[in-house]
Amino acid sequence: MSRWPLRQVAFVGFGLIGSSLARCLREKQLVERITASSRSAATLRTAKQLGLIDIGYSDAADAVRGADLVILAMPVNATEQVLRSIRPAVTAQTVITDVGSTKGNVVAAAERVWGRVPAGFVPGHPIAGSEQSGVLAGRSSLFANHKVILTPLPDTDPRALALVESLWRHADADVLTMDVARHDAVLARTSHLPHLLAFSLVDTLARESQNLDIFRYAAGGFRDFTRIAASDPLMWHDIFLANREAVLQALGTFEAGTQTLRRAIEQGDSETLLGIFTRARAAREHFTHMLAGTAYAKSMTSSNELIFTVQPGGRLSGRARVPGDKSISHRSIMLGSLANGVTEVSGFLEGEDALATLQAFRDMGVVIEGPDRGRVRVHGVGLRGLKAPPGALYVGNSGTTMRLLSGILSAQPFDTVMTGDASLNKRPMERIAKPLRLMGAEIQTTGERGTPPVSVLGSVTASRGGLKGIHYDLPIASAQVKSGVLLAGLWAEGSTSVTEPAPTRDHTERMLRGFGYDVQVDGATVTIQGGGELTATSIDVPADISSAAFFMVAASIAEDADLTLEHVGINPTRIGVINILRAMGGDLTVMNEREIGGEPVADIRIRSARLKGIRIPEDQVPLAIDEFPALFIAAACAQGTTVLTGAEELRVKESDRIQVMADGLHTLGIAATPTPDGIIIEGGQLGQGEVISHGDHRIAMSFSIAGLRAAGPIVIRDCANVATSFPDFIGLASRCGLRIQASERSASQQTDA
Ligand code: NAP
């Protein structure tokens, strides 16, 4: 079969799409001769004057005779007639493709002409175009970065398919394949239905008597929504008739949707209206992120590198509230969704990961208002109220969401698939899948390493009578696995218990109690009984002690500091940083202790102190595991040597925190010796320089506070991920007294260092 450059390419129809493709072929010199046929001599004349074709014909058969590749670029309803006329002029070697917006009728036309679709015929559809038509409207860049769908048939010659694929790749398009029926069903919803609505809305309003006023005062929404009503009427007439069945089906679904809205408006049903609108808004954003594989937090979408610069000195004083706890934010959405009634959440961490959880529950039909400055209202659907999501649940980079949801989804009567971004898709999921399988869950991970996507076949489990309670001895201490199993236990028959080898965070247990669910704790074993109910509550999410830790260290090492951190979660499984700083001589006072949604909370006052180096007790390591980067800065400012052991886990966090912190401290002139399971740091004078955070938010924030005691400016690179846990770190740090600024370094200025 032919190779590029081809000898002859023939177009039947030479308007917007045909002439755009011819422009690509010409620009990239992919063909020796281009022929075309059109009904109008003027089109051919223009095409020739523009140098786009070598010869034009009025008869399609003449144009295609001798061609290696024939491209049908005329309206879809002319397909059968065109194929009949070119049939005598094509051979078994000729590759034929088309660009029609519908595929079922094009394939049917080919079947009627040949009896069966020729092996050299590859139906195709570029998802690109404009409201303009004709040879003058074409441009060579029309298809760049747009999708082209090919719908090969079982008998399609793979060499013909390969040629057509490469044709579109030369036009810089993304090529994908799907079957004919799916193409028509998908396009009926995503393209044909919106065009139908736009045509209909404009026509309906135009016929009303006050139409002049309507158009004169038409707001941006009307203009945006109806832009596509300027498209070619004849082409769209053909498309709707050609894709009749799929369009009618899509229209039926849409009409049911408008009926629901009509009823809700008639009855003043705010919950339904809010539910539809919030889900729609969130879904639109979600699709955008999902398709681009990017993050939810807007601050992370720039391709430039985010850099923090800290000037030396600065005094810390006043009162501050750091963002809400991530673990508790996740769980407030999960349990709020599964509860009966409306759960009011404040202090919700609007970071990437917790937003992924929020989106997953919206996808499963839960109405969630917000977040609006940390406030979220979750309209719980009860333990039996979740609905099958319309597609795969995309959880971004959030391992917590995926592991905890695995437990919840295992008990639902529907099937789900969870996927994540490139980095989450490398993380192990078998550790949660295994205990869930013991409970009767039908759950599959991917590949040899048991990574996402994770498929949960809830319908299979349901058909076998649902989950059964188990006792599970956690092989490694993991709050996520413990929580996933306990959450599955809400639906399991009998009791579910988990014994952990070392204490892990107990937020799930506490919050279950906060939602009125009975949880028994006996030493290292937690037990719940299936079959209860969760009752909605109010949750003022405690400030995250991991975020507060930076300010605890900052106020300890700064001169004349007196800072009070408000409403900090002091869960006993998380207070290692307070204990360790106190052991180093830190001046921390825990005040106003209270309990919120099952969690202990307090205000913490920190004043400057002369810190001294210590050997960190190993029993404190699990209680401070995320806070070590900040504590290493405390150690660098302390008098004497600080030794950490038993913390090998630090090497497999978002970065190798032992090595990355040691490297940064060296740059700043501090002697820091990494060991396999910890580090040895000699306190001294911090210098100045440029450190790299390796995209690890906690490393970036730790070196930011180091500026308080540095001899000169510290520049911290690769800081965009700070937004994942601490959306307004720079703002809050500046208000407290740190001399810190964020700036962007453009990608072109970046070095490989
Ligand atoms: P266009 O600019 O109007 O061009 C259509 C071409 O087809 C003209 O050269 C016209 O020739 C010729 N033609 C019309 N009726 C014909 C017939 N009965 N027999 C033979 N030739 C005929 O339209 P286009 O936008 O390029 O659309 C062409 C195809 O691309 C359609 O199948 C459409 O579904 C598909 N498509 C369009 C878009 C878009 O946004 N426009 C996007 C994707 C796919 P005359 O000079 O003789 O009128």
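Residues numbered from 1 in each chain as written. Predicted model: local features only at pLDDT ≥ 70, side-chain atom pairs only at ≥ 80, totals over all residues. Heavy atoms only, no water.

**Topic: the sheet that holds strand 24 (residues 562-569)**
Reading across the sheet, the four strands line up as 11-24-26-25 and stay open at both edges, with mixed pairing between neighbours. Edge positions in the open sheet fall to strand 11 (317-320) and strand 25 (587-596), since each of these has one partner strand only. Between one strand axis and the next, the sheet turns through 15° on average, direction left out of account. Two strands pair when backbone bridges link them, and strand 11 and strand 24 are joined in this way by four bridges, in the parallel orientation. Residue pairing across strands places Ser317 opposite Asp562, the latter belonging to strand 24. (Pairing = 2+ DSSP bridges. Helix = DSSP H or I, 4+ residues; strand = E, 2+ residues; numbered from the N terminus. Axes fitted to C-alpha atoms, helices over the stretch in contact; angles between N-to-C directions.)

**Regarding the packing of helix 20 (residues 545-557) against helix 22 (residues 628-637)**
Contact geometry of helix 20 with helix 22 gives a least axis separation of 9 Å together with a crossing angle of 10°. Between helix 20 and helix 22, the crossing angle belongs to the class labelled roughly parallel. Judged by residue contacts, Ala549, Phe550, Val553 and Ile557 of helix 20 engage Ala630, Leu631, Ile633, Ala634 and Cys637 from helix 22. Broken down by class, the residue content of the contact of helix 20 with helix 22 amounts to nine nonpolar, no polar and no charged. (Parallel < 35°, antiparallel > 145°, perpendicular 65-115°, else oblique. Contact = heavy atoms within 4.5 Å. Nonpolar A, V, L, I, M, F, W, Y, C, P; charged D, E, K, R; others polar.)

**Focus: the sheet that holds strand 29 (residues 678-682)**
The strand order across the open sheet formed by three strands is 27-29-28, and the pairing between neighbours is antiparallel. The open sheet terminates on both sides in strands that have one partner only, identified here as strand 27 (641-644) and strand 28 (672-675). For this sheet, the mean angle separating the axes of adjacent strands, direction not counted, is 10°. Both strand 28 and strand 29 contribute to a ladder of four bridges, which runs antiparallel. Across the sheet, the residue bridging to Thr675 is Gly678, located in strand 29. Along the sheet, helix 22 makes contact with strand 27 and strand 29, crossing strand 29 at roughly 25°. Running at roughly 165° to strand 28, helix 23 (residues 657-667) makes contact with strand 28 and strand 29 of the sheet.

**Overview of the pattern of salt bridges**
According to the stated counting rule, one finds 36 salt bridges in the structure shown. In this structure, Asp353 engages Lys326 in a salt bridge whose closest nitrogen and oxygen atoms are separated by 3.1 Å. Linking Asp353 in helix 14 (residues 352-363) with Lys326 in helix 13 (residues 326-338), this pair joins segments that are 27 residues apart in sequence. A residue is classified by how much of its surface remains accessible, and Asp353, at 8% relative accessible area, is buried. Salt-bridge contacts for Asp562 lead to Arg605; the nearest nitrogen and oxygen are separated by 2.8 Å. In this pair, Asp562 sits in strand 24 while Arg605 sits in strand 26 (residues 599-607), placing the two residues 43 residues apart along the sequence. Note on Asp562: relative accessible area 29%, which makes it partly exposed. Here Arg605 falls in the partly exposed class, since its relative accessible area comes to 26%. (Salt bridge = Lys/Arg side-chain N within 4 Å of Asp/Glu carboxyl O. Buried < 20%, exposed > 50% of the residue type's maximum accessible area, 1.4 Å probe, protein only.)

**Side note on the site of the ligand**
The ligand sits among 25 residues. The nearest are Phe14, Leu16, Met74, Ser101 and Gly134. Between an oxygen atom of the ligand and a side-chain N or O atom of Thr43, the distance comes to 3.0 Å. Between Gly134 and the ligand, the recorded distance is 2.7 Å, taken from a backbone N or O atom to an oxygen atom. For the ligand, whose accessible area on its own is 880 Å², the fraction buried by protein is 85%. Broken down by secondary-structure element, the contributors of at least two residues to the shell around the ligand are helix 1 (16-27) and strand 7 (124-126). Per-class residue counts for the shell around the ligand are 12 nonpolar, 12 polar and one charged. (Near = heavy atom within 4 Å. Polar contact = N/O pair within 3.5 Å; in protein donor to acceptor, adjacent residues only side chain to side chain. Areas by Shrake-Rupley, 256 points an atom, 1.4 Å probe, with all protein chains shown as cover.)

**Considerations on the domain arrangement of the protein chain**
The assigned domain composition of the protein chain is domain 1 (6-178), domain 2 (186-268), domain 3 (306-319 + 542-752) and domain 4 (326-540). Between the C-alpha centres of domain 1 and domain 4 the distance comes to 51 Å. (Domains from an automatic or database assignment.)

**Focus: the packing of aromatic side chains**
The final tally for this structure, using the stated rule, is eight aromatic pairs. When the centroid spacing of 5.0 Å and the interplanar angle of 80° are considered together, the rings of Phe143 and Trp168 count as edge-to-face. Highlighted residues: Phe143 in the loop between strand 7 and strand 8 (147-150) and Trp168 in helix 6 (residues 158-170), separated in sequence by 25 residues. Among the residues examined, Phe143 registers a relative accessible area of 0% and is labelled buried. Under the relative-accessibility criterion, Trp168 is labelled buried at 1%. Judged by centre distance (6.1 Å) and plane angle (35°), the ring pair of Phe628 and Phe632 falls under tilted. Taken together, the positions of Phe628 and Phe632, both in helix 22 and four residues apart, correspond to about one turn of that helix. Under the relative-accessibility criterion, Phe628 is labelled buried at 0%. (Phe/Tyr/Trp six-rings, centres within 6.5 Å; stacked < 30°, edge-to-face > 60°.)

**Let's talk about the nonpolar core**
Grouped together as the largest cluster of nonpolar side chains are 82 residues, with contacts concentrated most on Phe551, Met552, Leu565, Phe628 and Leu665. Per-element tally for this core: the top contributor is helix 20, with 10 residues. Apart from the residues within four sequence positions on either side, Phe628 is in contact with Ile580, Ile616, Val621, Leu644 and Leu650. With 64 residues, the next largest nonpolar core counts Ala356, Val456, Leu512 and Leu534 among its residues. (Core = buried A, V, L, I, M, F, W, Y, C linked by side-chain atoms within 4.5 Å.)

**Notes on the environment of Ala60**
By secondary structure assignment, the location of Ala60 is in helix 3 (residues 60-64). A residue is classified by how much of its surface remains accessible, and Ala60, at 9% relative accessible area, is buried. Considering only alpha carbons, one finds Ala60 and His694, 634 residues apart in sequence, at a separation of 61 Å. Leaving out residues up to four positions away in the same chain, Ala60 has contacts with Val12, Ser37, Ser85 and Ile86.

**Digging into the side chain of Ser478**
Among the secondary structure elements, Ser478 is positioned in the loop between strand 19 (471-473) and helix 18 (479-489). What makes Ser478 buried here is its relative accessible area of 10%. Among the polar contacts made by the side chain of Ser478, one reaches the main-chain amide nitrogen of Val481 at a distance of 3.1 Å.

**Quick look at the pairing of strand 10 (residues 305-310)**
Where strand 10 and strand 32 (residues 740-745) come together, six bridges link them in antiparallel fashion. Paired with Phe308 across the bridge in strand 32 is Ala742. Where strand 10 meets strand 31 (residues 714-717), three bridges bridge the pair, whose relative direction is antiparallel. Considered in strand 31, the bridge of Val310 is made with Ile714.

**Quick look at the confidence of the model for the protein chain**
For the protein chain, per-residue confidence averages 91 on the pLDDT scale, and 95% of positions sit at 70 or higher. For the stretch residues 293-302, pLDDT sits under 50, and the model shows 22 contacts to residues farther than four places along the chain or on other chains. Counting interchain partners and residues more than four positions distant, the pLDDT-below-50 stretch residues 747-753 has nine contacts. (pLDDT = per-residue confidence, 0-100.)

**Quick notes on the packing of helix 23 against helix 24 (residues 697-706)**
Between helix 23 and helix 24, the shortest axis-to-axis distance is 11 Å and the interhelical angle comes to 30°. Here helix 23 is positioned roughly parallel relative to helix 24, judged by the angle of their axes. Regarding helix 23 and helix 24, the two cross each other, and that crossing is right-handed. In contact with Arg657, Val660, Met661, Gly664 and Leu665 of helix 23, helix 24 contributes His697, Arg698, Ile699, Ser702 and Phe703. Per-class residue counts for the contact of helix 23 with helix 24 are five nonpolar, three polar and two charged. (Left-handed = near helix turned anticlockwise from the far one by under 90°.)

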